[in-house]
Amino acid sequence: MLRAVEGLIAELREVGIPVRVSEGIDAAAALRHLDLGQREEVKASLRACLVKDAQHLGAFDTIFDLYFAPPGTGGPSGDDFQPPRAAGDGNGGQGQGDGAG
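Chemist: Is there a simple way to explain the nonpolar core in this structure?
Modeler: For soluble globular proteins, nonpolar side chains are generally found buried alongside one another. The biggest cluster of nonpolar side chains holds 21 residues, and the ones touching the most others in it are Leu-8, Leu-12, Leu-46, Leu-50, Phe-60, Phe-64 and Phe-68. When contributions to this core are tallied by element, the ones reaching two or more residues are helix H1 (2-14), helix H2 (21-31), helix H3 (39-50) and helix H4 (57-67). Ranked by the residues each element gives to this core, the list is headed by H1, at 5 residues. In contact with Leu-50, not counting residues within four places along its chain, are Leu-8, Ile-9, Leu-12, Pro-18, Val-19, Glu-23, Gly-24, Ala-27 and Phe-60.

Chemist: Any chance you could explain the packing of H3 against H4 here in plain terms?
Modeler: Geometrically, a packed helix pair is captured by the angle between its two axes and the distance between the axes. Relative orientation of the contacting elements H3 and H4 amounts to 135°, with a least axis distance of 11 Å. By the angle between their directions, the pair H3 and H4 is classed as oblique. Read as a crossing pair, H3 and H4 show a hand that is right-handed. Residues Arg-39, Val-42, Lys-43, Leu-46, Arg-47 and Leu-50 of H3 pack against Leu-57, Phe-60, Asp-61, Phe-64 and Asp-65 of H4. Residues of the contact of H3 with H4, tallied by class, amount to 6 nonpolar, no polar and 5 charged.

Chemist: How do you make sense of the pattern of salt bridges when you look at a structure like this?
Modeler: Once the charged atoms of two side chains with opposite charge are near each other, the side chains can pair. Inspection of the entire model under this criterion finds 5 salt bridges. Across the pair Lys-43 and Asp-61 runs a salt bridge whose closest N-O atoms are separated by 3.7 Å. Note that Lys-43 is positioned in helix H3 and Asp-61 in helix H4, a separation of 18 residues in sequence. Accessibility expressed as a relative area gives 11% for Lys-43, which makes it buried. Sharing partners across several salt bridges, the network here consists of Arg-39, Glu-40 and Asp-65.

Chemist: I would appreciate a short explanation of H4 in the present structure.
Modeler: Each α-helix winds once per 3.6 residues, and so residues spaced three or four apart point in a common direction. Every buried residue of H4 is listed here: Phe-60, Ile-63, Phe-64 and Tyr-67. Down the axis of H4, the smallest arc covering the buried residues is 105°, so these residues share one side. Turned more than 90 degrees away from the buried face of H4 sit Thr-62 and Leu-66, all of them exposed. Contact partners of the buried residues in H4: H1 and H3.

Thresholds applied
- Residues numbered from 1 in each chain as written.
- Predicted model: local features only at pLDDT ≥ 70, side-chain atom pairs only at ≥ 80, totals over all residues.
- Heavy atoms only, no water.
- Core = buried A, V, L, I, M, F, W, Y, C linked by side-chain atoms within 4.5 Å.
- Buried < 20%, exposed > 50% of the residue type's maximum accessible area, 1.4 Å probe, protein only.
- Helix = DSSP H or I, 4+ residues; strand = E, 2+ residues; numbered from the N terminus.
- Contact = heavy atoms within 4.5 Å.
- Axes fitted to C-alpha atoms, helices over the stretch in contact; angles between N-to-C directions.
- Parallel < 35°, antiparallel > 145°, perpendicular 65-115°, else oblique.
- Left-handed = near helix turned anticlockwise from the far one by under 90°.
- Nonpolar A, V, L, I, M, F, W, Y, C, P; charged D, E, K, R; others polar.
- Salt bridge = Lys/Arg side-chain N within 4 Å of Asp/Glu carboxyl O.
- Arc of directions from axis to C-beta.

So this is what it looks like as structure tokens:
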């Protein structure tokens, strides 16, 4: 899950959305208090921590969908939302390699 959040933050920065290190830490810490199986909770929490300008909401939503596939899209999470797995759990973070191997 943290790898997906790190990727999300990197992509947000890549498209010009400023995300401070402290906001990334807050986002990761907030996940401890959520049901990670509830996609909308995860999305709302990350959005609150990472987006400070309403003009950036559309870009956030698009990038979030890349890292946390919505249900029924046939994406890497299948028909039901499942949070991305951590590195070393057999899935390698939803197919996103760590550059090794």
